[in-house]
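Here is how the chains run, residue by residue.
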Amino acid sequence: MASMLLTSLRSSPLTSVQAAQFAARSLSTSVHLQAQAKSKKTLAKPGVKNIVLVDGVRTPFLQSGTTYADLMPHDLARAALQGLLNRTGLPKDAVDYIVYGTVIQEVKTSNVAREAALGAGFSDKTPAHTVTMACISSNQAMTTAVGLIAAGQCDAVVAGGVEFMSDVPIRHSRKMRKTMLSLNKAKTLGARLSLLGSIRLAHLSPELPAVAEFSTAETMGHSADRLAAAFGVSRLEQDEFALRSHTLAKKAQDGGMLSDVISFKVPGRDIVSKDNGIRPATMEQLAKLKPAFIKPHGTVTAANSSFLTDGASAVLIMSEEKALAMGYKPKAYLRDFVYVSQDPKDQLLLGPTYATPKVLEKSGLTLNDIDVFEFHEAFAGQIMANLKAMESDWFAQTYMGRKTKVGAPPMEKFNTWGGSLSLGHPFAATGCRLVTTVAHRLQKEGGQYGLVAACAAGGQGHAMVIEAYPQ
Amino acid sequence: MASVRLLVTRSGCTALKAITARTHVSYEVKDNVAVVRINDPTSKVNTLGRHMQAELVEVINEIWGNSAVKSAVLISSKPGSFIAGADLNMFQACKTAEEVSYLLQAGQKMFEQIEKSPIPFVAAINGSCLGGGLEFAIACQYRIATKSKKTILGTPEVMLGLLPGAGGTQRLPKMVGLPAAFDMMLTGRNIKADKAKKMGLVHQLVEPLGPGLKSAEERTIEYLEEVAVDFAKGLTGKKVTVEKKKGLMQKVQDFVMGLPPVRKQIYKTVHNKVMKQSKGLYPAPLKIIECVQTGIEKGNAAGYLSESENFGKLAMTSVSRALIGLFYGQVACKKNHFGQPEREVKKLAVLGAGLMGAGIAQVTIDKGVATILKDTTEEGLARGQQQVYKGLNDKTKKKSLTTFERDRIMSLLSGQLDYRGFENADMVIEAVFEDLSIKHKVVKEVEAVIPPHCIFATNTSALPIKDIAAASKRPEKLIGMHYFSPVDKMQLLEIITTSKTSKDTTASAVAVGLKQGKVIIVVGDGPGFYTTRCLAPMLAEAVRALQEGVGPKKLDSLTTGFGFPVGAATLADEVGIDVAAHVAEDLGKAFGTRFGGGNVEVLKMMVQKGFKGRKSGKGCYVYGAKSKEKKVNSGAEDILKSFKLTAPPAVSADEDIQYRLVSRFVNEAVLCLQEGILPDPVQGDIGAVFGLGFPPCLGGPFRFVDSYGADKLVQKMKHFEEAYGNQFTPCQLLLDHAKDSSKRFHK
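In this text, all values refer to a predicted model and were calculated from it rather than measured experimentally.

Conventions we followed
- Residues numbered from 1 in each chain as written.
- Chains lettered and ligands numbered in written order.
- Predicted model: local features only at pLDDT ≥ 70, side-chain atom pairs only at ≥ 80, totals over all residues.
- Heavy atoms only, no water.
- Helix = DSSP H or I, 4+ residues; strand = E, 2+ residues; numbered from the N terminus.
- Rg over C-alpha atoms; globule rule 2.2 N^0.38 Å.
- Buried < 20%, exposed > 50% of the residue type's maximum accessible area, 1.4 Å probe, protein only.
- Salt bridge = Lys/Arg side-chain N within 4 Å of Asp/Glu carboxyl O.
- Axes fitted to C-alpha atoms, helices over the stretch in contact; angles between N-to-C directions.
- Parallel < 35°, antiparallel > 145°, perpendicular 65-115°, else oblique.
- Contact = heavy atoms within 4.5 Å.
- Nonpolar A, V, L, I, M, F, W, Y, C, P; charged D, E, K, R; others polar.
- UniProt positions renumbered as here; feature names shortened; annotations may be inferred.
- 1 Å grid on protein atoms, 1.4 Å probe; cavity = no way out; pocket = protein on both sides within 12 Å on 5 of 7 lines; lining within 4 Å.
- Points joined across faces, edges and corners; volume = space filled by probe spheres on them.
- Pairing = 2+ DSSP bridges.
- Core = buried A, V, L, I, M, F, W, Y, C linked by side-chain atoms within 4.5 Å.
- Buried area = accessible area lost by both parts, 1.4 Å probe.
- Polar contact = N/O pair within 3.5 Å; in protein donor to acceptor, adjacent residues only side chain to side chain.
- Left-handed = near helix turned anticlockwise from the far one by under 90°.
- Phe/Tyr/Trp six-rings, centres within 6.5 Å; stacked < 30°, edge-to-face > 60°.
- Lys NZ or Arg CZ within 6 Å of the ring centre and 35° of its normal.
- Right-handed = clockwise from strand over helix to strand, strands pointing away.

## So, the overall build of chain A
Across its full length, chain A holds 16 helices and 12 strands. Rg of the C-alpha trace for chain A: 24 Å, near the compact-globule value of 23 Å for 471 residues, within the 12% margin. Taken over the C-alpha atoms alone, chain A extends approximately 85 × 55 × 45 Å along its principal axes. The buried share of chain A, taken over its 471 residues, is 56%.

Below, the structure written as structure tokens:
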């Protein structure tokens, strides 16, 4: 019935369509009517609220140790939140809830969401919590927001994520911590002195956080190299993909496509308004680099991996009714999403392969229906391995229990404004960037459906289907 | 003897095929690199047999004749096996030492040619690279190994009473240094890939891959080949160097080893150590030292000659035959001869969290089977759970397990005090106190809660299974599983069937045991089954010897001097004097005076005084002190004095005492075969060696009778019989063998 109505309404002027929508909803029906440039059906489901992305912003993503070096994580998060307020003109007290992602925790601000929200001037009556799920932390923040709205508990939620790699918590050794904690409890001077006397040189060696799996003790780069080798991805393919990412990012940056980036006046420094990791090089330059993890015969290098990045992102998510009531013109619908997980050793970075067919199935779509793909590029080798896995019937049958492959996205629709390899990858901020980019690309390119997919440490993954909001 | 892994095929003899179609070795040229692939189509592992060797020589000659080939890669197409060693059948078929030596010289020559090859050879190793396989690899110019758990390098020949006979004794010392080479060759230990890299045994490591567009195993071999081809090209282009930069320590060590007096001292020290450990009963280690020494001091030619000649001699020794017999026996006892059980055991319950129960639980969860560990008290349960945790945690310290894997394994263990979950159990193994009435109570309790298909196994070392089964409503589902302590270290499992035990129950018990990594013998029911029954008369004789004034230390040295890894007095302490007393009394009642000898009261008195063996801190010896030197327990000596017997001089020489102990063991073993408790001599030998520490160099009681001569043994026993009576009466089967020398237990 929806499609019949849709057909009859397609030629109507926009305003009347929206009026019709309101009318329809006010009659307490969840059938959602909308006009589309293409004849694809909408993904609205009966009994499920329409949830929209109103807007999304991010701070420029900078290589760690550069301009943001002296900040703290909540400073960056605050910048993104303030940026979102500025961009949307959202009244500060209109937000029901804030969910924020982070991976490497600054211990002083363990609930960074709350600290950043207070600092950004949100109402102190707006609760905030922090989520963590490795590289898909802000995806988790957004889907948490979707859940809150879908359950009818909130109407307007801000989600986002921050990562700050210029400073990471480096701890004293366990032995030293134990001594220091006992020192607190020691009552007499003698007891204190004997504890101090027990400190040995070995106590002083610090514990550094590693980008390594706790379960397998393997660093992610090492795993990526093995994954690339497992799928027979050559060094050349990886370098080519890395170069593609940088080239496309440069083009997007120069062409003003990266409109989600806000300017940020860094205290004591200049205004930052551009990502600084985009560096298109030549294939020869890339070929010169030595492998970074598996030596000497590995294929993953510093240039075909994402680099350590500082950055924060934020999005405003609302129920469609609320957005429209507040006079917003939403950018996209957030539709079905899935989380997946698999073997953290040999399939650590195959999240997109597992998540993509699952979320498509949920939405009743095929790969061909998708107009815009945004995949998180952890490593060029990881992307290529995922594309090969998605193209393999054998892999789908043997490891995913599926009858056939889902197929690999066509490259002309894939990460065409650059990706994590070139724009940078502040772990917990990337998810919002992917979703906002999909919304913007759908608007720009006139597509209807977009797909976000990402891998994450722990052998987990995520995918979400995004539908363009009728223009 | 614990881990002979030199796997063997029976393929070598069928080597008379047309030369044109090569079946074991193939090669292709990729980018001027000849990739030589080894794959024995008749076996799961590759072995160097006549056929394989012939094809290899052919292929290598072709490669050398091909001017387009600039380097070569040697790789196996089998997942999990590079080359697992030489084909043992090839040597066993030889009649003389000279024949064996000749065979080896062909191998030596082939490897020497490879070593001196005009083009570099890269050995790409994935899986077992043992014995002849390792010797092949170290003849190559470069070695790359995968870090797979299956990749092991080593020279296990010594465990078969042999030596690395294809250049191993000559090349290894140069490659890894004298001390490490001796360690490898004299212990036969398996070396993992990363250790091998540190030692300088391999040049490069390759990480095993996960699944991609092919299975993980297949792709890993492909990847290994790709990497090896790259290195082979690098070697030709001089981009890769073979020589490793030597650290300061290495340089110092090399300098010191260059001094003849230092080397002499090393040979001497190693020789003494070997003599101390082997008591001179094993010729192979001494020959290994001799070969290494000859090679270093007199040059390669002399070294190779010494190696091949000594190998030939060793192959003809009874020790080597015994060890090889054990190896085959072990392989046979790692198979399920009772077929596939109807149901796989997916959930197991262990009753009693004592030393045994916890040990059984540990080896079960270790293999991924969910296990309930039930005890009656919280203290008992906590102790048992801690034992399991410690067992696994020790593995993480040795890095054979990650902490994560440890946690995953531990998650399969459910410690509890009640019978919750027993309704889903497929098998229950009880390891409660050895008391018939307690066992009966447990049988009844458990049978009330388990499902009909569930098997009830009882872990007992002496109680007849049919007596325990008397309390069962379903005796066809009841079986004995006799584990040895400590369960996670001892390889043997003795399974005992009663006349009522169903075949499927047996098949299932064997399947579980195999999963737990056990070497299994399946024997008939009776007091003491097989192992305990053999051990009891020997311990009775040991007590008599002690009463006759042979001190515990003397007794220990006599037994270890005969080849037992643990002396009789120490063994009694390890087993527990209380257990020994219990068993001696029970079996004494069952078998009468034949099991007499020492006075059971000696043991009882010791138990009364609290001398229960190692577990109580005192037995024949005093334990607990940190010093390594064990002290004899003077309290025990006093007891022995009060039971003093006069030693009959005619049968009390050292050798007499040794044979008194051994002949009673052997006679009882043969009697078990005669009575049908034992199904065959092979299981008898395996049970005695793996469960009781019967001298491995003798190959087990049955092989011992064959090699020593039944007639000679009967003679000795008759001599003892005159002094002591029916304890030394040879059984009928032994007499039959004595009468007819053509009768042998092993063909």
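## Overview of the pattern of salt bridges
One pass over the structure, following the stated rule, counts 59 salt bridges over all chains. Here R78(A) and D75(A) are joined by a salt bridge, their closest N and O atoms 2.8 Å apart. Note that R78(A) and D75(A) are positioned in helix α3 (residues 73-88) at a spacing of 3 residues, about one turn of the helix. Taking relative accessible area as the criterion, R78(A) reaches 25% and is therefore assigned partly exposed. Note that R544(B) is salt-bridged to E541(B), the shortest N-O span being 2.8 Å. With R544(B) and E541(B) both in helix α20 (residues 531-547) and 3 residues apart, the pair spans about one turn of that helix. On the basis of relative accessibility, which here comes to 5%, the residue R544(B) falls in the buried class.

## Points about the packing of helix α27 (residues 681-692) of chain B against helix α28 (residues 701-708) of chain B
All names here are of chain B. Interaxial distance between α27 and α28 falls to 7 Å at its minimum, and their mutual angle equals 110°. Taken together, the axes of α27 and α28 are roughly perpendicular relative to one another. Side by side, α27 and α28 meet where P681, G684, D685 and A688 of the first sit next to P701, F702 and R703 of the second. For the contact of α27 with α28, the class distribution of residues is 4 nonpolar, 1 polar and 2 charged.

## Comments concerning the side chain of H203(B)
Of note, H203(B) is situated in the loop between α7 (193-199) and β10 (204-206). Residues contacting H203(B), with those up to four places away along its chain left out, are Q141(B), Y142(B), R143(B), K197(B) and V242(B).

## Quick notes on the UniProt feature "domain: 3-hydroxyacyl-CoA dehydrogenase C-terminal" (unreviewed entry) in chain B
Per the UniProt record, "domain: 3-hydroxyacyl-CoA dehydrogenase C-terminal" (unreviewed entry) is found at residues 528-623 of chain B. Secondary structure content for residues 528-623 of chain B is 62% helix and 2% strand, and the end C-alpha separation is 28 Å.

## Details of the layout of surface pockets
Residues and elements named next belong to chain A. When its volume is computed, the second largest pocket comes out at roughly 1,200 Å³. Residue assignment for the lining of the second largest pocket shows that the elements contributing at least two residues are α8 (220-230) and α9 (235-254). Looking at the lining of the second largest pocket residue by residue, the class counts come to 30 nonpolar, 11 polar and 4 charged.

## Here's the deal with the UniProt feature "domain: 3-hydroxyacyl-CoA dehydrogenase NAD binding" (unreviewed entry) in chain B
Feature annotation in UniProt assigns "domain: 3-hydroxyacyl-CoA dehydrogenase NAD binding" (unreviewed entry) to the following positions: residues 347-525 of chain B. For residues 347-525 of chain B, the end-to-end C-alpha separation is 26 Å, with 39% helix and 22% strand making up the annotated structure.

## Things to note about the sheet that holds strand β17 (residues 492-497) of chain B
Residues and elements named next belong to chain B. The 8 strands are arranged β13-β12-β11-β14-β15-β16-β17-β18 in an open sheet whose pairing can be described as mixed. Only two strands of the sheet have a single neighbouring strand rather than two, namely β13 (413-416) and β18 (519-524). Looking at each pair of strands side by side, their axes are set apart by 25° on average, direction ignored. Of the strand pairs in this sheet, strand β15 (residues 455-458) and strand β16 (residues 478-483) are connected by 3 bridges, and their pairing is parallel. Bridged to F456 within β16 is L478. Each of β12 (370-374) and β13 is contacted by helix α15 (residues 378-397), which is oriented at about 165° to β13, the strand it contacts most. Lying on the sheet, α27 is in contact with β17 and β18; it crosses β18 at an angle near 120°.

## Structural notes on the UniProt feature "domain: Thiolase C-terminal" (unreviewed entry) in chain A
Taking the UniProt record as the reference, the feature "domain: Thiolase C-terminal" (unreviewed entry) is found at residues 328-467 of chain A. A distance of 17 Å separates the end C-alpha atoms of residues 328-467 of chain A, which is 36% helix and 21% strand.

## Focus: the nonpolar core
All names here are of chain B. If you look at the biggest cluster of nonpolar residues, it comprises 101 residues, and the most contacted ones within it are V428, Y530, L555, V670, F694, F704 and L734. Among the elements that make up this core, the one with the highest residue count is helix α26 (residues 654-674) (11 residues). Core analysis: the second largest hydrophobic core is formed by 75 residues, I60, M110, F182 and V274 among them.

## A word on the sheet that holds strand β9 (residues 191-192) of chain B
Residue and element names in this part refer to chain B. The strand order across the open sheet built from 4 strands is β4-β6-β8-β9, with neighbouring strands paired in mixed fashion. With one partner strand each, in any of the chains shown, β4 (81-83) and β9 form the two edges of the open sheet. Where β4 meets strand β6 (residues 128-130), 2 bridges bridge the pair, whose relative direction is parallel. In the sheet register, S81 faces β6, and the bridge partner there is S128. Relative to β6, helix α4 (residues 132-139) is tilted by about 85°, and along the sheet it contacts β4, β6 and β8 (152-154).

## Let's talk about the interface of chain B and chain A
Taken together, the 18 residues of chain B in the interface contact 18 residues of chain A. Taken together, both faces of the contact between chain B and chain A bury some 1,600 Å²; the carbon and sulfur share is 64%. On the chain B side of the interface with chain A, the three residues burying the most area are E207(B), P211(B) and L213(B), jointly 36% of the side's total. Taken together, chain B and chain A are joined by 0 salt bridges. Seen at the junction of chain B and chain A, the total is 4 residue pairs in polar contact (both at pLDDT 80 or more). The set of elements that each furnish at least two residues to the side of chain B that touches chain A consists of β10 and α8 (216-236) of chain B. The element best represented in the side of chain B that touches chain A is α8(B), accounting for 4 residues. The class makeup of the residues in the side of chain B that touches chain A is 10 nonpolar, 5 polar and 3 charged.

## What to know about the pairing of strand β5 (residues 121-125) of chain B
Residues and elements named next belong to chain B. Where burial is concerned, most of β5 is hidden: 5 out of the 5 residues are buried. Burial along β5 is two-sided: F121, A123 and I125 and V122 and A124, pointing in opposite directions, are all buried. One ladder, built from 4 bridges, connects strand β3 (residues 71-76) with β5; its direction is parallel. Across the sheet, V73 pairs through a bridge with V122, a residue of β5. Bridging between β5 and strand β7 (residues 142-146) involves 4 bridges; their strand directions are parallel. Its bridge partner being in β7, I125 is matched across the sheet by A145.

## Observations concerning the packing of helix α6 (residues 178-187) of chain B against helix α11 (residues 283-298) of chain B
Residues and elements named next belong to chain B. In the contact formed by α6 and α11, the axes pass within 10 Å of each other and the chain directions differ by 150°. Here α6 runs over α11; the crossing is right-handed. Two secondary-structure elements touch here, α6 through L178, F182, M185 and L186 and α11 through P285, I288, I289, V292 and I296. Its residues assigned to classes, the contact of α6 with α11 shows 9 nonpolar, no polar and no charged.

## Details of empty space enclosed by the protein
All names here are of chain B. Counted according to the given criterion, the structure contains 9 cavities of 30 Å³ or more. Considering only enclosed or pocket space, the largest cavity measures out at about 230 Å³ in volume. Taken together, 21 residues make up the lining of the largest cavity; nearest its centre are A86, F91, L104, G132 and A166. Taken together, the elements giving at least two residues each to the lining of the largest cavity come down to α2 (88-92), α3 (97-115) and α4. When residues in the lining of the largest cavity are grouped by element, the largest group, 4 residues, is from α3. For the lining of the largest cavity, the class distribution of residues is 13 nonpolar, 6 polar and 2 charged.

## Describing the environment of T505(B)
All names here are of chain B. Among the secondary structure elements, T505 is positioned in helix α19 (residues 503-515). Among the residues examined, T505 registers a relative accessible area of 0% and is labelled buried. Beyond its immediate stretch of four places on either side in the chain, T505 contacts I455, E476, K477, L478 and I479.

## Things to note about the packing of aromatic side chains
The geometry of an aromatic ring pair comes down to the distance between the two centres and the angle between the two planes. Residues and elements named next belong to chain B. On inspection of all chains with the given rule, the structure shows 29 aromatic pairs over all chains. Residue placement shows K374 over the ring face of Y419; its charged tip is 4.7 Å from the ring centre. Directly above the aromatic system of Y659 lies the positively charged group of K716, at a separation of 4.9 Å from the ring centroid.

## Points about the UniProt feature "domain: Thiolase N-terminal" (unreviewed entry) in chain A
The UniProt feature table records "domain: Thiolase N-terminal" (unreviewed entry) at residues 51-321 of chain A. Secondary structure within residues 51-321 of chain A divides into 36% helix and 15% strand; the distance between the first and last C-alpha atoms comes to 9 Å.

## Here's the deal with the pairing of strand β4 (residues 128-131) of chain A
Residues and elements named next belong to chain A. Here strand β3 (residues 97-101) pairs with β4 via 4 bridges, running parallel. Each residue of the ladder has a partner; that of I98, found in β4, is A128. With helix α4 (residues 112-119) bridging β3 and its parallel neighbour β4, the resulting β-α-β unit is right-handed.

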